[in-house]
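One-letter residues, chain by chain:
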Amino acid sequence: MKTEVLTPQSKAKIKKARKQDLLGTLMILLPMASFVIFSLFPIALCLITSFNHLIGIDISNMTWVGLENYKRIFEMGDFQKAVVNTLLYTAIVVPLETALCVFFAALIAKKYPGSKLARVILFIPQVCSSVAVVFVFQWIFQEDFGVINSILQPIIGENLKFFTDAKWYRVAVLVMSLWMRGTNVIILDSAFANVNKSLQEAARMDGSSERRVFWKITFPSVTPAIFYVFTMYLITALQEQSIMQFFTPTNPYGPEAAGITLTLLIYLCAFGDKLASYGMGVSCAISWVTALIIILITRLNFLGSRLWVHYEC
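First things first, this report covers the structure right here in the doc. Because the structure is a prediction, the values reported are computed rather than measured.

1. Describing the overall build of the chain
Part 1: Assigned secondary structure in the chain consists of 13 helices and 2 strands.
Part 2: If one aligns the C-alpha atoms of the chain with their principal axes, the spans along those axes are about 100 × 75 × 35 Å.
Part 3: Long-range pairs, those at least 24 residues apart, make up 67% of the contacts in the chain between residues at least 6 apart in sequence.
Part 4: Entry remark: accessible area of the chain is about 18700 Å², with carbon and sulfur atoms responsible for 67%.
Part 5: Both charge centroids of the chain, one from 26 positive and one from 19 negative side chains, sit 15 Å from each other.

2. Description of the pattern of salt bridges
Part 1: Overall, the coordinates contain 6 salt bridges when judged by the stated rule.
Part 2: Here Glu-97 ties to Arg-181 by a salt bridge, and the two come within 3.7 Å at their closest N and O atoms. Of this pair, Glu-97 sits in helix α3 (residues 77–108) while Arg-181 sits in helix α7 (residues 166–181), placing them 84 residues apart in sequence.
Part 3: A salt bridge links Arg-181 to Glu-240, with the nearest nitrogen and oxygen atoms 2.4 Å apart. Of this pair, Arg-181 sits in helix α7 while Glu-240 sits in the loop between α10 (210–238) and α11 (242–247), placing them 59 residues apart in sequence. The two residues Arg-181 and Glu-240 agree in class, both being buried.

3. Quick word on the packing of aromatic side chains
Part 1: If you walk through the whole model with that rule in mind, you get 19 aromatic pairs.
Part 2: Aromatic side chains Phe-162 and Trp-168 sit 6.1 Å apart centroid to centroid with 80° between the ring planes, which places their arrangement in the edge-to-face category.
Part 3: Judged by its relative accessible area of 27%, Trp-168 falls in the partly exposed class.
Part 4: Members of the aromatic cluster, each reached through a chain of ring pairs, are Phe-137, Phe-141, Phe-162, Phe-163, Trp-168, Tyr-169, Trp-179 and Phe-247.

The rules we used
- Residues numbered from 1 in each chain as written.
- Predicted model: local features only at pLDDT ≥ 70, side-chain atom pairs only at ≥ 80, totals over all residues.
- Heavy atoms only, no water.
- Helix = DSSP H or I, 4+ residues; strand = E, 2+ residues; numbered from the N terminus.
- Contact = heavy atoms within 4.5 Å.
- Areas by Shrake-Rupley, 256 points an atom, 1.4 Å probe, with all protein chains shown as cover.
- Lys, Arg positive; Asp, Glu negative; His and termini not counted.
- Charge placed at Lys NZ, Arg CZ, Asp CG, Glu CD.
- Salt bridge = Lys/Arg side-chain N within 4 Å of Asp/Glu carboxyl O.
- Buried < 20%, exposed > 50% of the residue type's maximum accessible area, 1.4 Å probe, protein only.
- Phe/Tyr/Trp six-rings, centres within 6.5 Å; stacked < 30°, edge-to-face > 60°.

Shown next, in the form of structure tokens:
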């Protein structure tokens with residue numbers, strides 16, 4: 001059997017390749033360890049806990065109950081309200097946030113004087129703490145001396161009940177959501193900047209109006225970016241908790257339970273006033289049901305995108 005003789009150059013290449021493989025392995029060890037410790041292990045533990053009865057966080061006290069936790073959550077009246085509130089909130093807020101984002105991005109893309117400053121101002125809500133923002137809006141929506149009621153009370157003769165009336169409570173939550181996330185124009189601003197200018201100019205030379213140019217050329221070109229923003233808003237809305245929880249801290253359910261969402265119910269069962277009745281096991285079961293709902297809705301969103309997202313324009 002003939003043995004292949006390696007030249008010094010081949011040996012050097014093999015040694016270099018092995019060194020690169022070793023460095024690559026060492027560089028990926030820390031991220032992989034972080035993923036296993038902070039992602040994979042908690043996911044597995046959450047799945048196991050969802051089949052056990054557990055009050056508190058001491059996993060040594062877990063008692064196997066099988067599918068009992070999943071049966072219990074579908075018998076909970078608060079779970080049904082949470083599903084309705086979450087889906088209603090998502091159905092209203094996400095389209096409005098996306099439309100507002102598209103509007104501001106299209107406006108800034110016109111390169112008006114001050115558009116750079118406007119871009120910075122519109123992005124500020126994205127870097128603000130959601131809890132701090134909610135506390136500021138608490139002051140704005142105060143029923144007795146808030147900014148809104150101080151302006152409207154002399155006009156309409158009464159104070160709007162943002163904390164105790166479910167209708168006005170939802171309006172306040174909508175306003176906070178639009179302020180916090182409806183102004184993220186950075187991604188869409190980049191998409192508008194990359195639209196094929198020659199196609200726009202050709203359409204204008206053919207006599208097309210600016211409105212027609214926008215809807216027939218500009219908008220189809222930025223639909224992939226709009227779809228991305230819409231999807232991120234969708235996933236975020238389905239997991240909303242902080243706005244409802246901190247807007248009425250003495251009553252996290254909100255008036256007429258209008259503020260209870262799936263993720264807030266997860267927290268209440270694990271650490272809140274439902275801890276004694278349900279505990280960590282039921283909380284983990286709700287987490288998995290919520291995850292499945294998010295996966296299903298996101299999948300439907302991707303299927304629906306085939307009707308309006310254009311990747312070649």
